[in-house]
Amino acid sequence: MVRRKRLDDSDCPVARSVDAIGDWWSLLIVRDAFDGSRRFGEFQRSLGVAKNILTARLRALVDSGVLASVPASDGSAYREYVLTSKGEALFPVIVALRQWGEQSLFEPGEPHSELVDRRHERPLRALEVRAADGRRLDPGDTAVHKLPAGD
């Protein structure tokens, strides 16, 4: 079996992010956590993933601080998985993936789910990348600068 290359010591934030949550099961677990799933069985029913894979992904998400394993809210012997603040910070990532998928992967009129603002029951505005002064940025408007160690 080929071992996956670890990227957790890379100097690239994208590479480290992919290392932590980049496989599809992990992202779908995070999506389901945002949708209210908390228990192993809820994740398993929603995703249809094998139990051993789900166990490994949940453990990795807990180990990386994206999820926390807590006692069940109903006082039973079960454990529940809740998003930490680090996990909740993935909300824009999940929204961006959802919006990209809606725009790029569905034919016009093809049924799909939609994320809406609970207060107004309306779809969200498309995410945009903005400069510190508020200008909308496109890929050509940005550059990557390496930071020296210690910054």
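Here's what I pulled together on the structure shown here. Since the model is a prediction, treat every value here as computed from it, not as a measurement.

Procedures and definitions
- Residues numbered from 1 in each chain as written.
- Predicted model: local features only at pLDDT ≥ 70, side-chain atom pairs only at ≥ 80, totals over all residues.
- Heavy atoms only, no water.
- Phe/Tyr/Trp six-rings, centres within 6.5 Å; stacked < 30°, edge-to-face > 60°.
- Helix = DSSP H or I, 4+ residues; strand = E, 2+ residues; numbered from the N terminus.
- Buried < 20%, exposed > 50% of the residue type's maximum accessible area, 1.4 Å probe, protein only.
- Contact = heavy atoms within 4.5 Å.
- 1 Å grid on protein atoms, 1.4 Å probe; cavity = no way out; pocket = protein on both sides within 12 Å on 5 of 7 lines; lining within 4 Å.
- Points joined across faces, edges and corners; volume = space filled by probe spheres on them.
- Nonpolar A, V, L, I, M, F, W, Y, C, P; charged D, E, K, R; others polar.
- Patch = residues over 30% accessible without salt bridge, like charges linked within 9 Å, V, L, I, M, F, W, Y side chains within 5 Å.
- Areas by Shrake-Rupley, 256 points an atom, 1.4 Å probe, with all protein chains shown as cover.
- Salt bridge = Lys/Arg side-chain N within 4 Å of Asp/Glu carboxyl O.
- Polar contact = N/O pair within 3.5 Å; in protein donor to acceptor, adjacent residues only side chain to side chain.

Enumeration over the complete set of coordinates arrives at three aromatic pairs. Summarising the aromatic geometry, the rings of Trp-24 and Trp-25 are spaced 6.5 Å apart at their centres and angled 55° between planes, so their arrangement reads as tilted. With centroids separated by 6.4 Å and ring planes inclined at 70°, the aromatic side chains of Phe-43 and Tyr-81 adopt a geometry described as edge-to-face. Residue Phe-43 is found in helix α3 (residues 40-47), and its partner Tyr-81 is found in strand β2 (residues 79-83); the two are separated by 38 residues along the sequence. Tyr-81 carries the same exposure label as Phe-43, and that label is buried.

Moving on to unusual backbone geometry. The phi dihedral of Glu-121 is positive, around 55°, even though this residue is not glycine. Considering the arrangement of structural elements, one finds Glu-121 in the loop between β3 (116-117) and β4 (122-123). Residue Glu-121 is classed as exposed on the basis of its relative accessible area, which comes to 56%.

With respect to the helices and strands, the residue Asp-32 is situated in helix α2 (residues 24-34). Overall, the relative accessible area of 4% leaves Asp-32 in the buried class. Those residues within four positions of Asp-32 in sequence are excluded, and the remaining contacts are Ser-37, Phe-43, Ser-46 and Leu-47.

Attention now moves to the layout of surface pockets. Looking at the second largest pocket, its volume works out to about 370 Å³. As for the second largest pocket, its lining consists of 14 residues, and the residues nearest its centre are Leu-28, Arg-31, Ile-94, Leu-97 and Arg-98. Broken down by secondary-structure element, the contributors of at least two residues to the lining of the second largest pocket are α2 and α6 (91-104). Top contributing element to the lining of the second largest pocket by residue count: α6, with six residues. A per-class count over the lining of the second largest pocket returns eight nonpolar, three polar and three charged.

A surface patch of nonpolar side chains, about 320 Å² in accessible area, is lined by Trp-100, Leu-105 and Phe-106. By the element assignment, Phe-106 lies in the loop between α6 and β3. Using a relative accessible area of 31% as the deciding quantity, one classes Phe-106 as partly exposed.

Looking at where Ser-26 falls in the secondary structure, it is placed in helix α2. Of note is the side chain of Ser-26, whose polar atom sits 2.8 Å from the side chain of Asp-23. The contacts of Ser-26, once residues within four sequence positions are left out, are Ile-21, Arg-57 and Leu-61.

Turning to the pattern of salt bridges, a few remarks are in order. Applying the stated criterion across every chain, the model contains ten salt bridges. In this structure, the salt-bridge partner of Arg-130 is Glu-128, at a minimum N-O distance of 2.2 Å. On the basis of relative accessible area, Arg-130 is assigned to the partly exposed category, the value being 46%. For Glu-128, a relative accessible area of 39% gives the class partly exposed. Because the salt bridges share partners, they merge into one network encompassing Arg-38, Arg-39, Asp-74 and Glu-80.

Keep in mind that these numbers describe shape and distance, not what the molecule does.
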